[in-house]
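Working through the structure, step by step
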Amino acid sequence: MEMQTLEKIIDVALKNGADQADIVVDSGESITVKSEQGEISSYEVSGTQVLGLRVIKDNKIGSSYCEATDDDTIATLVKQALENAKYSKEEELEKIDVQRSELIDGTKSFKYDTERTQPEKLIEMALMIEKDLMAKDTCLKTPPYNGVGEYIDQSLYLNHLGTKCIEKSKAYACYTAALLEKDGKQSMHVHQSLTRKFQELNPSDCIDVSYEHALGLINGAPVKTGHYDIVFSTDKLAQFFNVFASLFSAKAAINDMNPWKNKLSSIVASPSLTMTDAPLLEKGFAYSMFDGEGNMMSETPLIKDGVLTGFYQNSYTSKKLGQENTFNATRSPKSSLGVGGTNKVISPVEADDSSFNKGTYFEIIAEQGMYSGSDAISGDFSFAASGYLVENGERVRPIKGVTVSGNFYTVIKEISNIGRLVHSNTSATFFSPKIRFASLSVAGD
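Residues numbered from 1 in each chain as written. Predicted model: local features only at pLDDT ≥ 70, side-chain atom pairs only at ≥ 80, totals over all residues. Heavy atoms only, no water.

The sheet built from six strands is open, its strands ordered β12-β11-β10-β15-β21-β20 with mixed pairing. The sheet terminates laterally at β12 (307–308) and β20 (423–424), the two strands that pair on one side only. Pairing of strand β15 (residues 344–346) with strand β21 (residues 430–432), which is carried by two bridges, proceeds in the parallel orientation. From the neighbouring strand, V345 faces β21, where its bridge partner is F431. Each of β10 (275–277), β15, β20 and β21 is contacted by helix α5 (residues 234–243), which is oriented at about 110 degrees to β21, the strand it contacts most. (Pairing = 2+ DSSP bridges. Helix = DSSP H or I, 4+ residues; strand = E, 2+ residues; numbered from the N terminus. Contact = heavy atoms within 4.5 Å. Axes fitted to C-alpha atoms, helices over the stretch in contact; angles between N-to-C directions.)

Right, dumping it as structure tokens:
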């Protein structure tokens, strides 16, 4: 979408009585290819574009969104936003006040390869992944999830003060699910590869990892009920922290939905835990140069040496709480002003990972019900898990059919050790060394 079109919409909003106005646009296009039983089962080309207008009139905020930009649609868009503002309550602290003369272009060469991949190559890879996976074991069934895709996204921001931001990105993903049936037992594991360039995709890793865990866990059984040290896979560790992500939200603090509301500068975790939000981390797929209000983003310290150091703030929450704006505003075309994070980074602690070669722990590879079984207010969690019992660095037996439970606020204070080598989750948005949580309750036999 052209900036001139967005400027026209801002002008129409101001001429119709808006005191302030801004626009966010999210657009994207994708090609996804799936294969099944040696044939292409799905080939989809799709595109989306949604524009969201926010206006402020007499300290009242209204918003509306559309998917087209013809004159009639623009007129309706502006009219609806102003009409919605009439019925909202006055909010003196929410302003559109970021003024910058230069265009912020967050599109980086490492994010956006202008060359498109030929559809034939996507088709070839989708067929290859299924074929190579099935060749590993005669007990494998046709993978229910198997494919490859190209995804291109663009974000735009513009306000009535002339602030303009644009950012493009592109990603490729391939994935497969190894579904294994053997001796009346069934096991499945899904793994994906996510990169910014097609040639960097690693379908072999998808195949190897998905088959490794499908085979490794097929004979899993419960362990004896008791307390076990827990080490999550990086994907599951990211998910565990994400369940309780509202703890870093200033908006949740204002709404009395954040138990850490009054914990700034207090000890909330083990002294070994340091966590930072890193929007400009090049290898992070949540890379972003500007926030939802057009501010330049930078690192936000969240926890340092176990002490809560900050919340995600936007201009409204920072004024409301009397705290510094961290420029973590979020706003999609269909949502109101909020706060949120980008790439999470946990700092390494130990000189190496040798401590994970000692003792016994439960390595969690998969789970069910982590979100539904967790309460972000009380911190209590309970979920089904599977993985491996690890003794002195060796996986000695697969585990299935157990329930892990505890309290988040307690377990992050009882981290026994944090390793050295930093791993990424498969979405490349969470980066952390191995973390061993001490003595969680595991219900099994």
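Both faces of the sheet carry side chains from a regular strand, because those side chains alternate between them. In terms of burial, strand β6 (residues 146–159) is a largely internal element, eleven of the 14 residues being buried. Examined bridge by bridge, strand β1 (residues 20–36) and β6 share 13 bridges and lie antiparallel to one another. When the bridges of β6 are listed, G28 appears paired with D153. Strand direction decides the pairing type here: β6 and strand β7 (residues 164–182), joined by 13 bridges, are antiparallel. Paired with I152 across the strands is K170, a residue of β7. Following β6, the chain reverses through four residues before pairing antiparallel with β7; G162 in that reversal takes a positive phi of roughly 95 degrees. (Buried < 20%, exposed > 50% of the residue type's maximum accessible area, 1.4 Å probe, protein only.)

You will see that D256, though not glycine, has its phi angle at about 55 degrees, which is positive. Looking at D256, the relative accessible area reads 55%, which means it is exposed. The phi dihedral of S439 is positive, around 50 degrees, even though this residue is not glycine. Looking at where S439 falls in the secondary structure, it is placed in strand β22 (residues 435–443).

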